[in-house]
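Letter by letter, the chains look like this.
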Amino acid sequence: WSSRYIKTKGDMKIMITFIYGSYGAGKTTAVINSIISDIQKGIHTFLLVPEQEAVQYERKTLFALPPSAQLHLEVLNFSRLYNRVCREYGGLCYSYITPPIKHLMMWQALREVAPLLAKYNGNALDDPAFIETMLATVSELKFAGVDLTALESTLQKIENEELGARISDVCLIWSAYEALCGDRYTDSADDLSRLYNILEEHDFFEGKNVYIDSFTSFTAVEHRIIDRIFATADNVTVCIPLPSPKYSDISTASI
């Protein structure tokens, strides 16, 4: 089943459609049929899918659509979308930090701030696995859409002394790590946050239709990007997978 919603953008009405169905119910087929209709009308269309599904969807559209469709349709995942938007407005980064350099920078950061840490001062120098733990923590925070400034601002609101000390340590370590990376390296974990900032400044999706298919979940940063898509694209369709085979039919909802 599906639901439709209409939002206003100036004098325009934006249609947002949610298509619900279990695996194999025909959600993707419905999307492909809608894309065919868009292509026939000459509407520039984006199909946003998970990283591991992009090549498969390119094959699907290649067989389902005429060759001329490639002039109007782009199959993207979030990484490709960042690249595509940067090619339009600038800002593409090439000096990505590699895993070995990440470990080296984090090791150096831990050595610098170890005397200042309240809870992790022992781990900082004595536990080699702590480097990996902190790199994973920083990456997770970035994917959750939390930046260092926001994390530091939460310290004033935390009443639990133990939790506050741990977050304070994370802030110190993260700050030192970012300072060491400086302008020399770019972390790919920041790409989607940069993408969101660009989309806040530019109506990249204006005049275009967007389809979002095959995702089972989104990170916090991806949700923010989708909010920008909802706010600026002419029409958006999102396929929502239902949890069990008992939901055998397909339904549509629109905003």
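Residues numbered from 1 in each chain as written. Predicted model: local features only at pLDDT ≥ 70, side-chain atom pairs only at ≥ 80, totals over all residues. Heavy atoms only, no water.

### Focus on the nonpolar core
The nonpolar side chains of a soluble globular protein tend to be buried, and buried together.
Part 1 of the argument: Counting residues in each nonpolar core, the largest one holds 31 residues, and the members touching the most others are L81, F205 and I225.
Part 2 of the argument: Sorting the residues of this core by element identifies strand 2 (12-21), strand 3 (45-48), helix 3 (78-89), helix 9 (191-201), strand 5 (209-212), helix 10 (220-232) and strand 6 (235-241) as the ones contributing at least two each.
Part 3 of the argument: One finds L110, F130, L135 and C171 within the second-largest nonpolar core, a separate group that totals 27 residues. (Core = buried A, V, L, I, M, F, W, Y, C linked by side-chain atoms within 4.5 Å. Buried < 20%, exposed > 50% of the residue type's maximum accessible area, 1.4 Å probe, protein only. Helix = DSSP H or I, 4+ residues; strand = E, 2+ residues; numbered from the N terminus.)

### So, the environment of V31
Part 1 of the argument: Summarising the element assignment, V31 is placed in helix 1 (residues 27-40).
Part 2 of the argument: Sequence spacing of V31 and V238 is 207 residues, and the spatial spacing of their C-alpha atoms is 9.0 Å.

### Here we look at the packing of aromatic side chains
Part 1 of the argument: In this structure the tally under the stated criterion is 9 aromatic pairs.
Part 2 of the argument: Aromatic side chains F46 and F204 sit 5.4 Å apart centroid to centroid with 35° between the ring planes, which places their arrangement in the tilted category. Within this pair, whereas F46 is found in strand 3, its partner F204 is found in the loop between helix 9 and strand 5, the two being separated by 158 residues in sequence.
Part 3 of the argument: Take F46: its relative accessible area is 2%, and that puts it in the buried class.
Part 4 of the argument: Judged by centre distance (4.9 Å) and plane angle (85°), the ring pair of F204 and F205 falls under edge-to-face. Comparing F204 with F205, the two get one shared label, buried.
Part 5 of the argument: Taken together, the aromatic side chains of F46, Y89, F204 and F205 make up a single cluster linked through ring pairs.
Part 6 of the argument: The ring of Y57 has K60 lying over it, and the distance from NZ or CZ to the ring centre is 4.5 Å.
Part 7 of the argument: The ring of Y196 has R224 lying over it, and the distance from NZ or CZ to the ring centre is 4.1 Å. (Phe/Tyr/Trp six-rings, centres within 6.5 Å; stacked < 30°, edge-to-face > 60°. Lys NZ or Arg CZ within 6 Å of the ring centre and 35° of its normal.)

### Quick look at the confidence of the model for the protein chain
Part 1 of the argument: Averaged over every residue, the pLDDT of the protein chain is 87; the share at 70 or more is 89%.
Part 2 of the argument: Across the protein chain, the element-wise mean pLDDT spans from 53 in strand 7 (residues 251-254) up to 97 in strand 5. (pLDDT = per-residue confidence, 0-100.)

### Observations concerning the packing of helix 4 (residues 99-113) against helix 8 (residues 161-181)
Part 1 of the argument: At a closest axis distance of 8 Å, the pairing of helix 4 and helix 8 adopts a crossing angle of 125°. As the angle between them shows, helix 4 and helix 8 are arranged oblique. When you trace helix 4 past helix 8, the crossing you get is right-handed. Together, K102, M105, M106, Q108, A109, L110, E112 and V113 of helix 4 and L172, I173, A176, Y177, L180 and C181 of helix 8 make up the contact between the two elements.
Part 2 of the argument: Tallied by class, residues from the contact of helix 4 with helix 8 come to 11 nonpolar, 1 polar and 2 charged. (Axes fitted to C-alpha atoms, helices over the stretch in contact; angles between N-to-C directions. Parallel < 35°, antiparallel > 145°, perpendicular 65-115°, else oblique. Left-handed = near helix turned anticlockwise from the far one by under 90°. Contact = heavy atoms within 4.5 Å. Nonpolar A, V, L, I, M, F, W, Y, C, P; charged D, E, K, R; others polar.)

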